[in-house]
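Listed below, chain by chain, are the residues.
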Amino acid sequence: MTDDVRLDAPTNDTMNPETPHSTAADFIAEEGRFSAPNYHPLPVVVAHAEGAWVTDVDGKRYLDLLSAYSALNFGHRHPSLIAAMHNQLDHVTLTSRAVHNDLFGSFARELADVCGMDMVLPMNTGAEAVETAIKTSRKWGYDVKGVTPESARIIVCDGNFHGRTTTIVSFSDDETARGGFAPFTPGFDSVPYGDAAALEAAITPDTVGFLFEPVQGEGGIIVPPPSYLREVREICTRHNILMMADEIQTGFGRTGETFACDHENVKPDMYILGKALGGGIMPLSAVVADSTILGVMTPGTHGSTFGGNPLACAVGLAVLRLVRTGEFQRRSKELGEHLAARLRAESPAHVREIRSIGLWAGIEIDPAAGTARSYCDRLLERGIIVKDTHSTTMRVAPPLSISREDLDHAINEIIAVLNEGPVA
Ligand SMILES: *Cc1c(COP(=O)(O)O)cnc(C)c1O
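Residues numbered from 1 in each chain as written. Predicted model: local features only at pLDDT ≥ 70, side-chain atom pairs only at ≥ 80, totals over all residues. Heavy atoms only, no water.

Draft legend 1. Broad picture of the site of the ligand. Residues in close proximity to the ligand include Thr 125, Gly 126, Ala 127, Phe 161, His 162, Gly 163, Glu 213, Asp 246, Ile 248, Gln 249 and Lys 275, which together make up its full environment. A distance of 2.8 Å separates an oxygen atom of the ligand from a polar atom in the backbone of Gly 126. Here a nitrogen atom of the ligand sits 3.5 Å away from a polar atom, N or O, in the main chain of Phe 161. Calculation on the ligand without its partners gives an accessible area of 380 Å², and the protein chains cover 81% of this total. (Near = heavy atom within 4 Å. Polar contact = N/O pair within 3.5 Å; in protein donor to acceptor, adjacent residues only side chain to side chain. Areas by Shrake-Rupley, 256 points an atom, 1.4 Å probe, with all protein chains shown as cover.)

Okay, structure coming up:
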């Protein structure tokens, strides 16, 4: 255990003096009245968090098995990340890239080094990094590969999730995500996930890249068949198209390796990163690639007011120090094996399939036994935050800092609720 790495230590100072004293129902009603209804949150109002635990406005504690979709891989408010943030607040928070700042260069160097690539293009949200990858691959296609102007095509996968912009939902096959948002951006071809032959068959002279998730997260923790990543690498190289790995959710330890591509010792042409890169503190995303690829960008071709801001870079540098310890990757692997072994051994009722990699599991529930959401609602009552994805999958993704005892407690509750079955 290094000094940087800390397990959970719950605390008592849960009162936030900035928050008016109201009941949970008041907060939920206010949000419902004044915010657009684009989410369906679990009915818990969090006021405080530390490590793997959150505390609601009534002082009730919950174990967080969602980790803000893996943005909180290092747990809530990791002390070294919080310290980096506090320190930077006393220096400079935002410069824009109209001038230089004294942290962006070292953040870019460290991130490029962790990825084993030449350079970094920083953005803020995951969707912006995906957009950056799309723009970069198209420009690379025209400038380097010699694709006919305005005809570049990108291959994506069925069941993908890459974010919410109009271009990104254009190549989603999730009707909830895209319905009502047409007209869509052209230039994308979709193939079945995990099928390397289908990828190869879809390549044309205009294809510039293959954009995919090495494990589909929102899709339900869909782990591709063995050797898929190696085959994709080989096909992309042979056809001179860019292998663009969206590791926004898989990156930084979630799957038991730094990157999911490491499971097959594969290096993509681009890493698309976000979520945990900002330590659950700042929105921070990036595309990382070699200079032959990112070098196609020239001044004015792309940018972001907040991209590379010193506050986010300070947190990002502290995140990369945690990543370099290897501790979180090791914990993810060990605790993940434990989670999967217990779920399989105790084979709870009403489960059709359990998919897992690292500290990340998708529990596929028999639709006849109720929706995944109905089980998540009951787990919430038992003090466990678990979120469904689609209607049938319960997704388990605790902070990688969770203790084995806390994880076992969560597993006990999950198994109990599943064995209880549908409740009338
Ligand atoms: C969350 C996610 C995104 C989008 O990230 P935002 O920060 O929500 O824009 C893109 N790709 C994958 C794989 C994700 O999990």
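After that view, the rundown keeps rolling.
Draft legend 2. View of the domain arrangement of the protein. With domains assigned, the protein is organised as domain 1 (41–70 + 327–418) and domain 2 (79–325). Taking only C-alpha atoms, the centre of domain 1 and the centre of domain 2 are 27 Å apart. Facing the 24 residues of domain 1 at the interface are 24 residues of domain 2. The largest contributions to the domain 1 side of the interface with domain 2 come from Gln 329, Ile 357 and Trp 360, which together make up 36% of the buried area. Put simply, domain 1 and domain 2 have 1 salt bridge between them. Between Arg 395 and Glu 218 there is a salt bridge; the shortest N-O distance is 2.7 Å. Here domain 1 is connected to domain 2 by 15 residue pairs in polar contact (both at pLDDT 80 or more). Of all elements in the fold, only helix H2 (67–70), helix H12 (327–345), strand S11 (351–356), strand S12 (361–365) and strand S15 (393–396) reach the threshold of two or more residues within the side of domain 1 that touches domain 2. A per-element tally of the side of domain 1 that touches domain 2 places H12 first, with 5 residues. (Domains from an automatic or database assignment. Contact = heavy atoms within 4.5 Å. Buried area = accessible area lost by both parts, 1.4 Å probe. Salt bridge = Lys/Arg side-chain N within 4 Å of Asp/Glu carboxyl O. Helix = DSSP H or I, 4+ residues; strand = E, 2+ residues; numbered from the N terminus.)

Draft legend 3. Structural view of the pattern of salt bridges. Scanning the model with the defined rule gives 24 salt bridges in all. Arg 77 is paired through a salt bridge with Glu 50; the nearest N and O atoms lie 3.8 Å apart. One end of the pair, Arg 77, is in the loop between H2 and helix H3 (79–89); the other, Glu 50, is in strand S1 (residues 46–50), with 27 residues separating them in the sequence. Judged by its relative accessible area of 42%, Arg 77 falls in the partly exposed class. Assessed through its relative accessible area of 17%, Glu 50 is described here as buried. One salt bridge connects Glu 346 with Arg 342, and the closest N-O pair in it is separated by 2.8 Å. Residue classification places Glu 346 among the partly exposed positions, given a relative accessible area of 37%. Taken together, the salt bridges that share partners define one network made up of Arg 109, Glu 110, Asp 113 and Arg 324. (Buried < 20%, exposed > 50% of the residue type's maximum accessible area, 1.4 Å probe, protein only.)

Draft legend 4. Structural context of the confidence of the model for the protein. Scored by pLDDT, the protein has a mean of 95; 95% of the residues are at 70 or more. For residues 1–12, every residue scores under 50 in pLDDT, and the model assigns this stretch 33 contacts once sequence neighbours within four places are set aside. (pLDDT = per-residue confidence, 0-100.)

Draft legend 5. Up close: the side chain of Ser 332. The topology assignment puts Ser 332 in helix H12. You can call Ser 332 buried: its relative accessible area is 0%. Within polar-contact distance, the side chain of Ser 332 engages the backbone nitrogen of Gly 256 at 3.2 Å. Setting aside its immediate chain neighbours within four residues, Ser 332 contacts Gly 253, Arg 254, Thr 255, Gly 256, Gly 358, Leu 359 and Leu 400.

Draft legend 6. Inspection of helix H13 (residues 372–381) at higher detail. Taking burial as the measure, the 10 residues of H13 include 7 buried ones, the bulk of the element. Packed against the buried residues of H13 are strand S3 (61–64), S12, strand S13 (384–385), strand S14 (387–389), S15 and helix H14 (404–420). Phi for Gly 383, located one or two positions after H13, is positive at around 85 degrees.

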